Number of protein chains: 4
Amino acid sequence: LPDNAETIAVALRALAREGFFALPFGHMSARGAGQGSEAVLILRHLHSESFGIEDVTAADIIGIEADGSLPPGRDAPGERYIHTEIYARRPDANCVLHYHSTLTAAFGRAGRALVPQTPLGEVLKPVVPVHDFGGQVNSPARGAALAEALGQAAAITLPAHGAVVVGASVQEVAARALALEDCLAVELAAAQLGAQPVPAQPGTDAHTSAEVNDVLWHHLLRKHSVR
Amino acid sequence: LPDNAETIAVALRALAREGFFALPFGHMSARGAGQGSEAVLILRHLHSESFGIEDVTAADIIGIEADGSLPPGRDAPGERYIHTEIYARRPDANCVLHYHSTLTAAFGRAGRALVPQTPLGEVLKPVVPVHDFGGQVNSPARGAALAEALGQAAAITLPAHGAVVVGASVQEVAARALALEDCLAVELAAAQLGAQPVPAQPGTDAHTSAEVNDVLWHHLLRKHSVR
Amino acid sequence: LPDNAETIAVALRALAREGFFALPFGHMSARGAGQGSEAVLILRHLHSESFGIEDVTAADIIGIEADGSLPPGRDAPGERYIHTEIYARRPDANCVLHYHSTLTAAFGRAGRALVPQTPLGEVLKPVVPVHDFGGQVNSPARGAALAEALGQAAAITLPAHGAVVVGASVQEVAARALALEDCLAVELAAAQLGAQPVPAQPGTDAHTSAEVNDVLWHHLLRKHSVR
Amino acid sequence: LPDNAETIAVALRALAREGFFALPFGHMSARGAGQGSEAVLILRHLHSESFGIEDVTAADIIGIEADGSLPPGRDAPGERYIHTEIYARRPDANCVLHYHSTLTAAFGRAGRALVPQTPLGEVLKPVVPVHDFGGQVNSPARGAALAEALGQAAAITLPAHGAVVVGASVQEVAARALALEDCLAVELAAAQLGAQPVPAQPGTDAHTSAEVNDVLWHHLLRKHSVR
């Protein structure tokens, strides 16, 4: 457990420096190894304290219950049900990231699913769908609806809101988030040149997920001098 | 009074570092506690001195009269009537910001009102209208027309010019300005993907204004190391 | 003469740091006070030396003749005829800048004249036309054609190439170049929102040119710590 | 041989700092002077080591055979066939760069060939075509197809993937890559203003390739303090 908390904090610090939390909202979690307050490890609720996501440490990662219940004295984000409801439906998911960016919010707002085309987009195939609700996912029912819309996908966008990215590990989620931003930037510029959406396709023989995860994770930490 | 002047100066320094005054024009004011030259506190008129908005201090915040009259020896911006005419019509407004940015000028130029969709956009609901005049608001009559067009909204854009943002406090105005830029960026990218304008809607159960104001204000100061 | 050379060098260093010469091509000149090699002061031809426009000094500003002839041992840009032919036709012009930017090249490429709408755009009114030739202006005839297309305007764009900005002083030209980039950015974003071109209009009672020139010039130097 | 390896490393470090490898994928090669493992000099395969392309040295440039075979103990990128198949068909090509950028991927994704219009675009004339395959070029057959699609062009884009740039020297390839990004940015912004594609045209009397190569190469190294 402590190790995973440490890895979440490392990922959050690096993603913050990469610009994923330009305004200081968003959170990441990992599936915990135990029951009760060890079921889910998640960034605690950040109030207006004088530090930001770029400075979180393992001490800011707290344990909550699988149904989102808060142990006494703990305060997790209102949108923690994004995380708990996905873990309930996706046994392959061990990490969940929720963040806001101009690109993810815009694709959601436009109702345009992303069909990944780039080499790195292989890790997001076959499609990143758009949820039908862009408000706060702050109840079990809203979390469940989001998890259903996500299905077996690696990520989903929320209209005018942001994205949720899932993966087998913290590293995989961080890599998929980098790949998602990269894919969306290419697709937006291509749309400005008149490119039309294309049908989803199965994966090919491009870089393996393991290689992409590994290279992008180490790149992210090296670039921002985070360890 | 001195406290408010200090808060205005802090906000201006931080917003300048955030890029709100990329070219050195714009101003902020707060409703003063008194009469006459204590009616409105506003950034003095900056000429071509060798310092910019990122360096203003409380000493640069001067008092003017409620009708925009200047006490002897003081020089406020020609557009001070934006501030005075809003204070005359909006008892809830205790702070007014006028700034220029590519996004606010472009939405004004395109005649496109912003219907906030993002979670942070809650603090701008239901709509950010567009004024019908993009020139200098340098007379009481022009200020009055702008204030009428603003109505009860949190902000308004001016064609090819910029925006005016109002709020109950300096902190609220700074937070709303950050939320406005964020919303406009999402809406512009969505428009590039073909998203059409949608009708205005009432607020939902997203983040409360108090929370957004508090988090964004502390974020802004922390990010730019301004106190 | 030495003073003007110094001012040109200061402007070039500051504009370079502002990003006007992201790729190291472009030049600025001023009308000289004399005849022969004192007729026009211009940035010498930069080869591949190990310094760039951000480091030019007054020693890099050389004198050439009014018809573009080079005194022995001097080497000015092939496009010096932009400058000489404008000075021959515009007695009000004492400074000329030629630079390349994505925005100016794109508006030229699209054949879209800029009708300035922003408050700072007052200094570019009524219109920034587009030349019908985007190649190198490297002969007296090509310089003359450009000067004719410029007419009495403050600036002109060249298709897929860049812009030429003129003014009564080095400071005015620098200020107009900043205003031009600002106007073009607003107009491009507005176009992405569907704004249509509008007819040119005469100037209004916005900021005076003298004020804009003065504020923007000091801003530019202060921002980049150039003196 | 050692000299060319050093030059490749210098170019890669500088291009990395310029943003050509924002995500750490891409490679450059030069035609070697000999046979067997001295036939092609290429960046070795970078795994997830804790250093990136901005830090490569001549020791990271390895020799492989003309058909892409790897000498014992060496590991080159799976896409090395881009390089080998181009050298087999283009006796004028002594250097090949493969990189990914939003602009190159977007033009490829949109199926839009670049007809260079800018002055620097002279070095890319008459046209930068689009390949019909955007996947990994990780076999001799795929390399051959790409080389055939490239033909005699200076560069080619790959759909949603990136670009391949060739030239007579490392310096020429680096200069052409800078010119390519510059041209694409202008063309994208012009497209946003409604500019339509134009037919390819032969070169004109603009800057000579030798001058552009020389100026841009020295600019690139100076800007990033790379030697």
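The structure contained in this document is the topic of the report that follows. (Residues numbered from 1 in each chain as written. Chains lettered and ligands numbered in written order. Predicted model: local features only at pLDDT ≥ 70, side-chain atom pairs only at ≥ 80, totals over all residues. Heavy atoms only, no water.)

1. Observations concerning the overall build of chain A
- Per the secondary structure count, chain A includes six helices and six strands.
- Shown N-terminal to C-terminal, the secondary structure of chain A runs as helices and strands in the order α-β-β-β-α-β-α-α-β-β-α-α.
- Whereas a compact globule of 227 residues would reach a radius of gyration of roughly 17 Å, chain A reaches 17 Å, a difference of no more than 12%.
- Counting only C-alpha atoms, chain A reaches 55 × 40 × 35 Å along its principal axes.
- Among the 227 residues that make up chain A, the fraction classed as buried is 61%.
- Sequence-distant contacts in chain A: of pairs separated by 6 or more residues, those separated by 24 or more amount to 70%.
- Of the accessible surface of chain A, which amounts to about 8000 Å², a share of 51% is contributed by carbon and sulfur atoms. (Helix = DSSP H or I, 4+ residues; strand = E, 2+ residues; numbered from the N terminus. Rg over C-alpha atoms; globule rule 2.2 N^0.38 Å. Buried < 20%, exposed > 50% of the residue type's maximum accessible area, 1.4 Å probe, protein only. Contact = heavy atoms within 4.5 Å. Areas by Shrake-Rupley, 256 points an atom, 1.4 Å probe, with all protein chains shown as cover.)

2. Some points on the interface of chain C and chain D
- Taken together, the contact pairs 27 residues of chain C with 28 residues of chain D.
- Here chain C meets chain D over a buried area of about 2300 Å², counting both sides, of which 64% is carbon and sulfur.
- Of all residues in chain C, the largest losses of buried area upon contact with chain D belong to Leu23, Phe25 and Arg109 of chain C, amounting jointly to 29% of the total for that side.
- For the pair chain C and chain D, the interface holds one salt bridge.
- Here Glu187 of chain D ties to Arg109 of chain C by a salt bridge, and the two come within 2.6 Å at their closest N and O atoms.
- At the junction of chain C and chain D, the tally comes to six residue pairs in polar contact (both at pLDDT 80 or more).
- Counting only elements with at least two residues in the side of chain C that touches chain D, the list comes to helix 3 (102–109) and helix 5 (170–192) of chain C.
- It is helix 3 of chain C that provides the largest number of residues to the side of chain C that touches chain D, a total of five residues. (Buried area = accessible area lost by both parts, 1.4 Å probe. Salt bridge = Lys/Arg side-chain N within 4 Å of Asp/Glu carboxyl O. Polar contact = N/O pair within 3.5 Å; in protein donor to acceptor, adjacent residues only side chain to side chain.)

3. Brief notes about the sheet that holds strand 1 (residues 27–31) of chain C
All names here are of chain C.
- Ordered in space as 3-2-1-4-6-5, the six strands form an open sheet in which the pairing is antiparallel. Both outer strands of the open sheet, strand 3 (61–64) and strand 5 (155–158), are each paired with one neighbouring strand and no more. The mean angle between the axes of side-by-side strands here comes to 20°, regardless of whether they run parallel or antiparallel.
- As paired elements, strand 1 and strand 4 (residues 95–99) share four bridges and run antiparallel to each other. Looking across to strand 4, one finds that His27 is bridged to His98.
- Packed on one face of the sheet, helix 4 (residues 140–150) meets strand 5 and strand 6 (162–167) and runs near 125° to strand 5. (Pairing = 2+ DSSP bridges. Axes fitted to C-alpha atoms, helices over the stretch in contact; angles between N-to-C directions.)

4. Re the interface of chain A and chain B
- Between chain A and chain B, the contact holds 27 residues from the first and 28 residues from the second.
- Carbon and sulfur atoms supply 64% of the area that chain A and chain B bury against each other, a total of about 2300 Å² over both sides.
- The largest per-residue losses of area from chain A upon contact with chain B belong to Leu23, Phe25 and Arg109 of chain A, which jointly make up 29% of the total buried on that side.
- Put simply, chain A and chain B have one salt bridge between them.
- Linking chain A to chain B there are five residue pairs in polar contact (both at pLDDT 80 or more).
- If you list the elements that add at least two residues to the side of chain A that touches chain B, you get helix 3 (102–109) and helix 5 (170–192) of chain A.

5. Here's the deal with the pairing of strand 4 of chain C
All names here are of chain C.
- Across the five residues that make up strand 4, a large majority, five, are buried.
- Sheet analysis places strand 4 next to strand 6, joined by five bridges and oriented antiparallel. For Val96, the partnering residue across the bridge sits in strand 6 and is Val166.

6. So, the relation of the copies chain A and chain B
- Mapping chain A onto chain B is achieved by rotating through 90° and translating by 0.0 Å along the same axis, at an RMSD of 0.0 Å. In symmetry terms, the pair is related by a four-fold rotation axis. Rotation axis and chain A: the residue whose C-alpha lies nearest the axis is Gln192 of chain A, separated from it by 4.6 Å.
- A distinct binding surface is used by each copy, with only 7% of the interface residues of chain A retained as interface residues in chain B. (Least-squares fit on C-alpha atoms with pLDDT ≥ 70 in both.)

7. Structural notes on the packing of helix 2 (residues 80–89) of chain C against helix 4 of chain C
Residue and element names in this part refer to chain C.
- With their axes 8 Å apart at the nearest point, helix 2 and helix 4 run at an angle of 55° to one another. Here helix 4 runs oblique to helix 2, going by the angle between their axes. Handedness of the crossing formed by helix 2 with helix 4: right-handed. Residues Tyr81, Ile82, Glu85, Ile86 and Arg89 of helix 2 form the contact with helix 4, whose own contacting residues are Pro140, Gly143, Ala144, Leu146, Ala147, Glu148 and Leu150. (Parallel < 35°, antiparallel > 145°, perpendicular 65-115°, else oblique. Left-handed = near helix turned anticlockwise from the far one by under 90°.)

8. A look at the sheet that holds strand 2 (residues 40–43) of chain A
Residues and elements named next belong to chain A.
- Pairing is antiparallel in the open sheet, where six strands are placed in the order 3-2-1-4-6-5. Each of the sheet's edge strands pairs with one partner strand only, and the pair in question is strand 3 (61–64) and strand 5 (155–158). Sheet twist, expressed as the mean angle between neighbouring strand axes with direction ignored, is 20°.
- Across the sheet, helix 4 (residues 140–150) is in contact with strand 5 and strand 6 (162–167); its angle to strand 5 comes to roughly 125°.

9. Considering unusual backbone geometry
- Geometrically, the link from Lys125 of chain A to Pro126 of chain A is a cis peptide bond, its omega value of 5° lying close to zero.
- Examined against the element boundaries, Pro126 of chain A turns out to sit in the loop between helix 3 and helix 4.
- Of note, the phi angle at Ser225 of chain B is positive, near 50°, even though the residue is not glycine.
- For Ser225 of chain B, the position within the fold is in the segment after helix 6 (209–223).

10. Some details on the packing of helix 3 (residues 102–109) of chain B against helix 5 of chain C
- Relative orientation of the contacting elements helix 3 of chain B and helix 5 of chain C amounts to 55°, with a least axis distance of 8 Å. On the basis of the axis angle, helix 3 of chain B is oblique to helix 5 of chain C. Every pair of crossing elements has a handedness; the one defined by helix 3 of chain B and helix 5 of chain C is right-handed. Across from Thr102, Ala105, Ala106 and Arg109 of chain B in helix 3 of chain B, the residues of helix 5 of chain C making contact are Ala185, Val186, Glu187, Ala189 and Ala190 of chain C.
- Of the residues contributing to the contact of helix 3 of chain B with helix 5 of chain C, the split by class is six nonpolar, one polar and two charged. (Nonpolar A, V, L, I, M, F, W, Y, C, P; charged D, E, K, R; others polar.)

11. Some points on the packing of aromatic side chains
Residues and elements named next belong to chain A.
- Under the counting rule described, the total for this entry stands at four aromatic pairs over all chains.
- Judged by centre distance (4.7 Å) and plane angle (55°), the rings of Phe20 and Tyr99 are tilted. Taken together, the positions of Phe20 in the loop between helix 1 (2–18) and strand 1 (27–31) and Tyr99 in strand 4 (residues 95–99) put the pair 79 residues apart, joining distant regions of the chain. (Phe/Tyr/Trp six-rings, centres within 6.5 Å; stacked < 30°, edge-to-face > 60°.)

12. Section: the side chain of Glu85 of chain B
Residues and elements named next belong to chain B.
- Tracing the backbone through its elements, the reader meets Glu85 in helix 2 (residues 81–89).
- Glu85 gets classed as buried once you look at its relative accessible area, which sits at 14%.
- Non-local contacts of Glu85, meaning those with residues more than four positions away in its chain, are made with Pro140, Gly143, Ala144 and Ala147.

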